[in-house]
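So the chains spell out like this:
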Amino acid sequence: MIRVALIGMGGVVLALMVGQQKREYSLYIILGTALIILSLCVERLAGVMGAITQIQEYAGIDSSMIQILLKMVGITYVSEFAAQICRDAGYGTVGKQIEMFAKLSIMAVSVPVLLALIETVEGLLSL
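Quick look at the structure, then. Predicted, not measured: the structure shown is a model, and the values here were computed from it. (Residues numbered from 1 in each chain as written. Predicted model: local features only at pLDDT ≥ 70, side-chain atom pairs only at ≥ 80, totals over all residues. Heavy atoms only, no water.)

1. Considering the environment of V78
Mapped onto the secondary structure, V78 falls in helix α3 (residues 63-88). Among the residues examined, V78 registers a relative accessible area of 57% and is labelled exposed. Separated by 20 residues in the primary sequence, V78 and I98 have C-alpha atoms spaced 9.7 Å apart. (Helix = DSSP H or I, 4+ residues; strand = E, 2+ residues; numbered from the N terminus. Buried < 20%, exposed > 50% of the residue type's maximum accessible area, 1.4 Å probe, protein only.)

2. A few points about the pattern of salt bridges
For the coordinates displayed, the defined rule picks out one salt bridge. The partner of R87 in a salt bridge is E99, and the shortest N-O contact between them spans 2.6 Å. Linking R87 in helix α3 with E99 in helix α4 (residues 92-109), this pair joins segments that are twelve residues apart in sequence. Residue classification places R87 among the partly exposed residues on the basis of a relative accessible area of 28%. (Salt bridge = Lys/Arg side-chain N within 4 Å of Asp/Glu carboxyl O.)

Here is the structure:
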């Protein structure tokens, strides 16, 4: 965490210094900093995936449900990342559109979970 905080603060300080001379270069510095931090997040994700696999095996959860959950989390992180970059560049409207599309995508991805829930409730009511 300290490494990520230092990379982030260093990128912001560098962008502020360069931004006084050339505003457009500060956006590239922030984008590069964000991509470096994102790559570190992906490394951390490998450990989380191992834990999720173990939980899935112990609990006997259907792998398709875990995949849907991971897709939803991925959509959330990617859209948040892209929307914040757009906002930092001064294009808040585009950021809002990205967030709206992400919400609709999450709804579309979650339909199988909703159908499984309805089938479970129907099975309980027919007893």
